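Close look at the chain arrangement
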2 protein chains.
Amino acid sequence: MTNSTTKPPQSFGVLLFPGFALLDACGPLELLNGLSSVVPMTVSLIAVDSLEPVATMVPIETLSDDFRKRVESQQPLAVQRLCPTHTLETCPPLDVLLIPGGFGVPNAAKDERVLKFITESKAQTIITVCNGTGILAATGLLDGKKEVTSGRPQVNWVQKARWVHEGRYWTSSGISAGMDVVAAYIRETFGEQIGELVPDILEYTPELNPDNDPFVDAWKKYLPPNQTE
Amino acid sequence: MTNSTTKPPQSFGVLLFPGFALLDACGPLELLNGLSSVVPMTVSLIAVDSLEPVATMVPIETLSDDFRKRVESQQPLAVQRLCPTHTLETCPPLDVLLIPGGFGVPNAAKDERVLKFITESKAQTIITVCNGTGILAATGLLDGKKEVTSGRPQVNWVQKARWVHEGRYWTSSGISAGMDVVAAYIRETFGEQIGELVPDILEYTPELNPDNDPFVDAWKKYLPPNQTE
């Protein structure tokens, strides 16, 4: 529940690192666009170090082994580029920071500038989507907390959840779960009326149950038969 | 059903006019990104006349009366900019053209260059999202056909539908319905296996019933009491 003495959040920011996943950022962004029609607020798109457009893919040779093998075994992926409004240096103080996932996460999670920005952020809320949680976890801020997905052993990872909310952190499952976690955050922070209106503007039916994650099971059908257990 | 003599679509394009709605374009784009990992294909982002990034808002004085009043009565909306890869002139021949909606639709629907591009397109499939259908309708290509939403009197508009498929045209309802219509198009065109895999990559649960449109009724709650009938 929102503390009644807390100032309503006004300054929202989305981190745009090279290789971010398009819908991880743009699904939440469209909900924030809808929210911005009824609440005074700003939305910053924050690139690491330049105002050049940021691409949804990184050069294949910079990918981690796991991702490189997966991408090499596939067709060349379509790529899009989104324009940042700020860099880590020029970004205004944020009330809410959203960190998307994507192929670029392993690189971003090793970038000291990114980790320092997150660690020093005074944001009252940090929301992560998909493997973007790995960037937040790399700061150590999640140690001892419950979060979605897997990675750092110090974190109490939750295997099956659409999203997990603990304190200032909201972490969510794959890609489109980013829309559900942001819709849930808006409901809790701005109340039921705005919380219903904003997804309605998008004609989006958000998942309301954070524990309903059908994709843990759905993914089993893509595993080789000897790995289905 | 797909005609078995039809070549599988390989060249996809998304029209990016000033004032396009972010999720109308980026929801379908992320599904196409997923499809591109299993099918050889290209995705072009097509601006009208320059390779400058295209914004999700247009100058307020260029909005149609209806949209201008709505925007003026609200907070200033957050705006994003996406980079095109081509212009109408340089775009490769397309198999599939997707037209998003947005505040810029009334302007785009009066732009002769846009209408000529659509009218002369040899695309086997044209998909529209939200009020983007109005751009397609302005060409006259929909006259006599069944389509979602309202506008041109010559078109047989369907009041309540998530999407409508008739011949080469797939038209869909508001914003996030774009993901459902593209998921439906992928299922029908590439078969059940790829049709399930692609939304699973996004951890997205698509609406499978084109007639299920809860938002026609949901919107009634925002009308003044004397307009609820």
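Look up a bit, the structure's there.
Position numbers for residues count from 1 along each chain, tracking the sequence in the order it is written. Throughout, the order in which chains and ligands are written sets their labels, letters from A for the former and numbers from 1 for the latter. Per-residue local features of the predicted model are confined to residues with pLDDT of at least 70, and side-chain atom pairs are confined, for both listing and counting, to 80 or more; whole-chain, interface and lining totals are unaffected and use all residues. Hydrogens and waters are ignored; side-chain quantities use all the structure's heavy atoms.

Some remarks on the overall build of chain A
Put simply, DSSP marks the helices as runs of H or I at least four residues long and the strands as runs of E at least two long, and each gets a number from the N terminus on. Secondary structure summary: chain A contains seven helices and 11 strands in total. Taken over C-alpha atoms, the radius of gyration comes to 17 Å for chain A, in line with the 17 Å a tight globule of 229 residues would show. Across its three principal axes, chain A shows a C-alpha extent of roughly 50 × 40 × 35 Å. Between buried and exposed lies partly exposed: a residue is buried under 20% and exposed over 50% of the maximum accessible area for its type, with that area taken using a 1.4 Å probe on protein chains only. For chain A, the proportion of its 229 residues judged to be buried stands at 55%. Counting every atom, chain A has about 10,000 Å² of accessible surface; 53% of that belongs to carbon and sulfur. Atoms counted for the radius of gyration: C-alpha only. Globule rule: 2.2 Å times the number of residues to the power 0.38. Method for areas: the Shrake-Rupley scheme with a 1.4 Å probe, in which residue coverage is limited to the protein chains shown.

Observations regarding the packing of aromatic side chains
Two numbers describe a pair of aromatic rings. These are the distance of the centres and the angle of the planes. Residues and elements named next belong to chain A. Pairs were defined over the aromatic rings of Phe, Tyr and Trp, the Trp ring being its six-membered one, requiring ring centres within 6.5 Å. Orientation was assigned from the angle between planes: stacked under 30 degrees, edge-to-face over 60, tilted for the rest. Applying the stated criterion across every chain, the model contains two aromatic pairs over all chains. With 5.8 Å between their ring centres and 90° between their planes, W170 and Y185 make a pair best called edge-to-face. Here W170 is found in strand β11 (residues 169-172), whereas its partner Y185 is found in helix α6 (residues 177-201), with 15 residues between them in sequence. Grouping residues by exposure puts W170 and Y185 together as buried.

What to know about the environment of Q154 of chain A
Structurally, the position occupied by Q154 of chain A is in the loop between β8 (146-148) and β9 (156-158). Every residue pair with non-hydrogen atoms within 4.5 Å of one another is taken to be in contact. With residues up to four places along the chain from it excluded, the contact list for Q154 of chain A reads D143 and G144 of chain A.

Quick notes on α6 of chain A
All names here are of chain A. Helix span, as expected, comes to 1.5 Å for every residue beyond the first. Over its 25 residues, α6 extends only 18 Å from the first C-alpha to the last, a length that falls short of the 36 Å expected when each residue adds 1.5 Å. Think of it this way: the bend at a residue is just the angle between two axes, each fitted to seven residues, one set ending at that residue and the other starting at it. Most pronounced at G191, the bend in α6 amounts to some 145°. Positive backbone phi, approximately 50°, marks E203, located one or two places after α6.

A look at the relation of the copies chain A and chain B
Least squares is the method used to superpose the copies, on C-alpha atoms of residues holding a pLDDT of at least 70 in both. With an RMSD of 0.0 Å, chain A superimposes on chain B once it is rotated by 180° and translated 0.0 Å along the axis. What we have between these two chains is a two-fold relation. Among all C-alpha atoms of chain A, that of L82 of chain A lies closest to the rotation axis, at 2.3 Å. Counting the interface residues of chain A, we find that 100% of their copies in chain B are interface residues as well, pointing to one common contact surface.

Here's the deal with the sheet that holds strand β2 (residues 42-47) of chain A
All names here are of chain A. At least two DSSP bridges between two strands are required for those strands to pair. The strand order β5-β2-β1-β6-β7-β11-β10 describes an open sheet built from seven strands, whose pairing is mixed. In this open sheet, the two edge strands, each paired with only one partner strand, are β5 (86-87) and β10 (163-166). For strand β7 (residues 125-128) and β11, the ladder comprises three bridges, and the chain directions are parallel. The residue of β11 that forms the bridge with T128 is T171. Axis definition: a line fitted to C-alpha atoms, over the contacting stretch in the case of helices. Angles run 0 to 180 degrees between N-to-C directions. Across the face of the sheet, helix α1 (residues 22-36) comes into contact with β1 (11-16), β2 and β6 (96-99) while running at roughly 165° to β1.

Quick look at the interface of chain A and chain B
Every contact between the two is made by 46 residues of chain A and, on the other side, 46 residues of chain B. In this description, buried area is defined as the sum, over both parts, of the accessible area (probe of 1.4 Å) that is lost when the two are combined. Summed over both partners, the interface of chain A with chain B buries about 4,000 Å², with 58% contributed by carbon and sulfur atoms. Sorting the residues of chain A by area buried against chain B places D200, E203 and F215 of chain A first, and these three jointly supply 16% of that buried surface. Salt bridge, as applied in this entry: a Lys or Arg side-chain nitrogen positioned within 4 Å of an Asp or Glu carboxyl oxygen. For the interface between chain A and chain B, the tally reads zero salt bridges. Pairing of N or O atoms within 3.5 Å defines a polar contact, subject to two protein rules: one partner must be a possible hydrogen donor and the other a possible acceptor, and residues neighboring in sequence count only if both atoms are side-chain atoms. Applying the counting criterion to the chain A and chain B interface returns 20 residue pairs in polar contact (both at pLDDT 80 or more).

So, α1 of chain A
With 15 residues, α1 of chain A extends 20 Å from end C-alpha to end C-alpha; this agrees with the ideal 21 Å at 1.5 Å per step. Judged by how many residues are buried, α1 of chain A sits mostly within the fold: 15 of 15 residues are covered.

Focus: unusual backbone geometry
All names here are of chain A. Non-glycine residue C130 carries a positive phi angle of around 55°. Note on placement: C130 falls in the loop between β7 and α5 (133-138). Of note in the backbone geometry, I175 takes a positive phi value of approximately 35° without being a glycine. Inspection of the secondary structure puts I175 in the loop between β11 and α6.

So, the environment of R168 of chain B
Residues and elements named next belong to chain B. Looking at the secondary structure, you find R168 in the loop between β10 (163-166) and β11 (169-172). Separated by 102 residues in sequence, R168 and D66 have C-alpha atoms that sit 31 Å apart. Residue contacts for R168: discarding those within four places in its chain leaves S121, K122, A123, Q124, T125, I126 and L141. Separated by 2.9 Å, the side chains of R168 and Y169 make a polar contact.

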